[in-house]
Each structure stands twice: as structure tokens, then as C-alpha cells.
Amino acid sequence: MGEKRLLVMFPGVGYHCDKPLLYYGRKIAREAGYEECVQVSYSAPVDKIRGDEEKMNKTFESMYQQTEEQLQDIKWDEYDDVLFMSKSIGTIIAAAYAKEHELRNVRQVLYTPLADTMKVLEVKEIPQGAENAIAFIGTNDPWSNIAEIIDLASEIGITLHIYEDADHSLETGDIISDLDTIKDVMEKTKTFIMGKDIEK
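What this report covers is the structure whose coordinates are included nearby. (Residues numbered from 1 in each chain as written. Predicted model: local features only at pLDDT ≥ 70, side-chain atom pairs only at ≥ 80, totals over all residues. Heavy atoms only, no water.)

**Some remarks on the sheet that holds strand S1 (residues 5-10)**
- An order of S2-S1-S3-S4-S5-S6 is seen for the six strands of this open sheet, with the pairing classed as parallel. The open sheet has two edge strands with one neighbour each: strand S2 (36-39) and strand S6 (159-163). The mean angle between the axes of side-by-side strands here comes to 15°, regardless of whether they run parallel or antiparallel.
- Pairing of S1 with S2, which is carried by four bridges, proceeds in the parallel orientation. Counted as the bridge partner of Val8 is Val38 from S2.
- Here helix H1 (residues 20-31) sits on the sheet and contacts S1, S2, strand S3 (81-87) and strand S4 (106-111); the angle it forms with S3, its principal contact strand, is near 165°. (Pairing = 2+ DSSP bridges. Helix = DSSP H or I, 4+ residues; strand = E, 2+ residues; numbered from the N terminus. Axes fitted to C-alpha atoms, helices over the stretch in contact; angles between N-to-C directions. Contact = heavy atoms within 4.5 Å.)

Following this line, the structure appears as C-alpha cells:
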């Protein structure tokens, strides 16, 4: 009997699980044997949260509570391998959930993480390093301080892939170029999920 695997998806505020990164990410994970999938869904209590720390904290707290309610019946110790796949603020929620519940068998795929994501992953109790997490960011991402995220990822030992001129959706507006980016992200996602060495 094979390993029991679970994929849990944490979308962003406006980036749901049927948008490209999470849609294809889910397909890649299924191909790798993650047949069971839970998609967290949540609503933000306020809008226009970017750059507003108070609104951001309120949104995180609300979305995290919604996540707790939706995942409360999962028996984590029944799974040999758990994969968290997340986007934007969902990356903070995924990292915080793993920390709060002391999940030791979780690996993280972080699409456009925020600095707070990396700060949660800095906690020493969380398994970290290139074998446990991979991240993707664009240099024109208005939600993130790219230099800070690069530094934090380096400190933690997480492989961070950077895409020139790409925004918070890893897009530049050049459709063909953006499709090439999606292909590259999915190839690297697949390599990580399959547990192979990843080129920095």
C-alpha cells in the first residue's frame, strides 16, 4: 500500500484555486500522487488591505479563523505526506497553521509569499530548508518588499525563484512570456514535489 498523501490549498484574497498558479499546481500535485485535496475558502472582512497594517492583521485573523474551522476534522497524523500549496496572504496562513499545529510532515509551495510568511517560517520549530519549502516571486510584485523576501529566504534556506518584471500574479502583460513563466513555475513545482534536487 502506497503512502497516504494530502494536498491542502490556501488561495489569496482575490486569487482563487481556479486561477493559473493554483489550478496547474493542483494538477501537478495530483499527477505526483496527491489524490486527496482540500481547498480552503475564505472571505476577507475588509477591502483595500494592501499597505494598511491594521486591515492586513484583521484580514489575516479572520481568514485564519475560517481556515481553522474548515480544517478542524483533518487527522494530520494519518498522512505520510502533506503538501501545503498557497498564494499571497494564503502563504502566511499556511505557514502559521503548520506552526500552530506543530505539523512535522508538511512541505510548502509558496506562490508570491509576503515578508510575514518568511518571518513565520523563521521559527526554529518549523522544519525548513530547500527540502521543505519552495517559493516564487516577481520583481514587480507591489505586495512585497522583494529585497527583504530574498534576504529572509536566504537566511532560512528556502529556494526562492525570482521572475523579472512579474507582478503579484507572476505576470508581465506579455502573454507568451507569461505562459513561459507558468511553464517554468510548474516544472520547478513538480521537481520540488517529486523530491528531486532543485537548481537555485
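What follows continues from the structure just given.
**Looking at a nonpolar patch on the surface**
- Together, Ile175, Ile176 and Leu179 give the surface a local cluster of nonpolar side chains, amounting to about 340 Å² of exposed area.
- Inspection of the secondary structure assignment puts Ile176 in helix H6 (residues 175-193).
- Assessed through its relative accessible area of 58%, Ile176 is described here as exposed. (Patch = residues over 30% accessible without salt bridge, like charges linked within 9 Å, V, L, I, M, F, W, Y side chains within 5 Å. Areas by Shrake-Rupley, 256 points an atom, 1.4 Å probe, with all protein chains shown as cover. Salt bridge = Lys/Arg side-chain N within 4 Å of Asp/Glu carboxyl O. Buried < 20%, exposed > 50% of the residue type's maximum accessible area, 1.4 Å probe, protein only.)

**Points about the packing of aromatic side chains**
- A complete count under the given rule lists eight aromatic pairs for this structure.
- The rings of Phe10, Phe60, Tyr64, Trp76, Phe84 and Tyr97 are connected pair by pair, giving a single aromatic cluster.
- Positioned above the aromatic ring of Tyr34 is the side chain of Arg5, whose terminal nitrogen or guanidinium carbon lies 5.6 Å from the ring centre.
- The cationic tip of Arg107 hangs over the ring face of Phe192; the distance from NZ or CZ to the ring centre is 5.0 Å. (Phe/Tyr/Trp six-rings, centres within 6.5 Å; stacked < 30°, edge-to-face > 60°. Lys NZ or Arg CZ within 6 Å of the ring centre and 35° of its normal.)

**Some details on helix H5 (residues 146-156)**
- Residues of H5 that are buried: Ile146, Ile149, Leu152, Ala153 and Ile156. The buried residues of H5 occupy one face: seen down the axis, they fall within an arc of 130°. Looking at H5, the residues exposed on the side facing more than 90 degrees away from the buried face are Ser154 and Glu155.
- The secondary structure elements touched by the buried residues of H5 are helix H4 (115-121), strand S5 (133-138) and S6.
- Regarding H5, its N-cap is Asn145, as a side-chain oxygen of that residue lies 3.3 Å from the backbone nitrogen of Ala147 further along.
- Downstream of H5 by a residue or two, Gly157 has a phi angle that is positive, lying close to 95°. (Arc of directions from axis to C-beta. Polar contact = N/O pair within 3.5 Å; in protein donor to acceptor, adjacent residues only side chain to side chain.)

Remember, this is a structural readout, not a statement about activity or role.
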